[in-house]
Amino acid sequence: MRVEMEFLGSGTSSGIPTIGCDCWVCNSSNPRNKRLRSSVLFRLGVGDDERRLLVDVTPDIRIQALRAGLSSVHGVLITHTHADHCHGLDDLRGLYWGGGRVPIPLWAYPEALAQLRRTFAYIFDADYDYKGIVKLEPQVFEHQLFEAAGVRVQPIPVVHGNMRVAGFRIGECAYITDTNEVPDTSIELLKGVRLLILDALRRAPHPTHMSLPKALETAEKIGVERVFFTHINHDLEHESINNELPDWARLGYDRLKVAIEEDGRISVTEPESNGPSPIAF
Ligand SMILES: [Zn+2]
Ligand SMILES: [Zn+2]
Ligand SMILES: [Zn+2]
């Protein structure tokens, strides 16, 4: 089965450009230095059989969905509940309407679902008397492989400061954001992954995210063929950093699509432009 990961966003929690910052990356006119909050869309299979799983619901989800031409999803996977990964939950209603008002299945760790229920109490309140909100079908996972909308998903627990975050492996692809450490038990779960998207915040070490050197080392330890980095801050200028990286590693950027094709080939599809955006940057 063809597995594609589309970068809906590749930026750190503030997004790039960052409000109030006058640095050269935030001022760059290169669209690849403009990063909405980190999220990917998994597309599994092709044509009418395509299944779409959205990973995280960022505060930028509306723009991300519009520019990706996305009007419905078959499910949502939540990595963790930091605001940059789930505070777009209300705007999922657009994808709920686009999906014919069928409740959207949403998978999360139990503690993450409990947090979502607190933050978005009205969305989970069956008695809430307002028709204009998203309807979800919440489900939890732990360490076992589970099926999401007919797709087999392996959760990959990783460390993010004092909390656990879920990475997701589908076939030979994996997406891991927001981590400072991938434990050895999770490295084992990632053996056989050929195409990886991994957190790399900046050059210098950070208590809750991977530095670029550590991310490279982690990707090597797993033994992937290609790695693309995400959750990038304004320390990393797209072109100059890419020139320093080995040819199997690259910074990801918004709207880039990477896939393992049916014949096993890894494909990389660059966007033709940065696409229609209601934000004029
Ligand atoms: Zn984050
Ligand atoms: Zn900046
Ligand atoms: Zn986080």
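Residues numbered from 1 in each chain as written. Chains lettered and ligands numbered in written order. Predicted model: local features only at pLDDT ≥ 70, side-chain atom pairs only at ≥ 80, totals over all residues. Heavy atoms only, no water.

### A few points about helix α1 (residues 61-68)
Right, so step 1: α1 sits mainly inside the fold: six of its eight residues count as buried.
Right, so step 2: Those residues of α1 not exposed but buried are Ile61, Ile63, Gln64, Ala65, Arg67 and Ala68.
Right, so step 3: At the C-terminal side of α1, glycine 69 shows a positive phi close to 65°. (Buried < 20%, exposed > 50% of the residue type's maximum accessible area, 1.4 Å probe, protein only. Helix = DSSP H or I, 4+ residues; strand = E, 2+ residues; numbered from the N terminus.)

### Side note on the nonpolar core
Right, so step 1: Counting 57 residues, the largest nonpolar core has Phe42, Leu53, Leu54 and Leu89 as the members making the most contacts within it.
Right, so step 2: Every residue in contact with phenylalanine 42, bar those within four places of it in the chain, is listed here: Val3, Glu4, Met5, Arg51, Arg52, Leu53, Val55, Phe168, Ile170, Cys173 and Tyr175.
Right, so step 3: If you look at the next biggest cluster of nonpolar residues, it comprises 27 residues, including Leu198, Ala215, Ala219 and Ala249. (Core = buried A, V, L, I, M, F, W, Y, C linked by side-chain atoms within 4.5 Å. Contact = heavy atoms within 4.5 Å.)

### Focus: helix α7 (residues 212-222)
Right, so step 1: All of the buried residues along α7 are Leu212, Ala215, Leu216, Thr218, Ala219 and Ile222. The arc that holds the buried residues of α7, viewed along the axis, is 165°, so those residues lie on one side. In this structure, α7 carries Glu217 and Glu220 as exposed residues pointing more than 90 degrees from its buried face.
Right, so step 2: In this fold, the buried residues of α7 make contact with α6 (184-189), β11 (195-199), β12 (226-230), α8 (238-244) and β13 (249-251). (Arc of directions from axis to C-beta.)

### Notes on the coordination of the zinc ion (ligand 2)
Right, so step 1: Protein coordination of the zinc ion (ligand 2) is provided by Cys21 (SG), Cys23 (SG), Cys26 (SG) and His234 (ND1), with donor distances spanning 2.1 to 2.3 Å.
Right, so step 2: One can describe the site at the zinc ion (ligand 2) as tetrahedral: its four donor atoms subtend angles covering 103 to 115° at the metal.
Right, so step 3: Read in sequence order, the donor residues for the zinc ion (ligand 2) give the motif C-x1-C-x2-C-x207-H.
Right, so step 4: Since its relative accessible area comes to 22%, cysteine 23 is described here as partly exposed.
Right, so step 5: Note on cysteine 26: relative accessible area 7%, which makes it buried. (Donors = N, O, S within 2.8 Å, 3.2 Å for Na, K, Ca; no water. Tetrahedral: all angles 85-135°; square planar, octahedral: opposite > 155°, others 65-115°.)

### Some remarks on the pairing of strand β2 (residues 39-44)
Right, so step 1: Counting buried positions along β2 gives six out of six residues, so the element sits mostly inside the fold.
Right, so step 2: Residues Ser39, Leu41 and Arg43 point to one face of β2 and Val40, Phe42 and Leu44 to the other, with burial holding for every one of them.
Right, so step 3: Relative to β2, strand β1 (residues 3-9) runs antiparallel, the two sharing six bridges. Residue pairing in the sheet places methionine 5 in a bridge with phenylalanine 42 of β2.
Right, so step 4: The pairing of β2 with strand β3 (residues 51-55) spans five bridges and is classified as antiparallel. By the bridge assignment, valine 40 is partnered in β3 with valine 55. (Pairing = 2+ DSSP bridges.)

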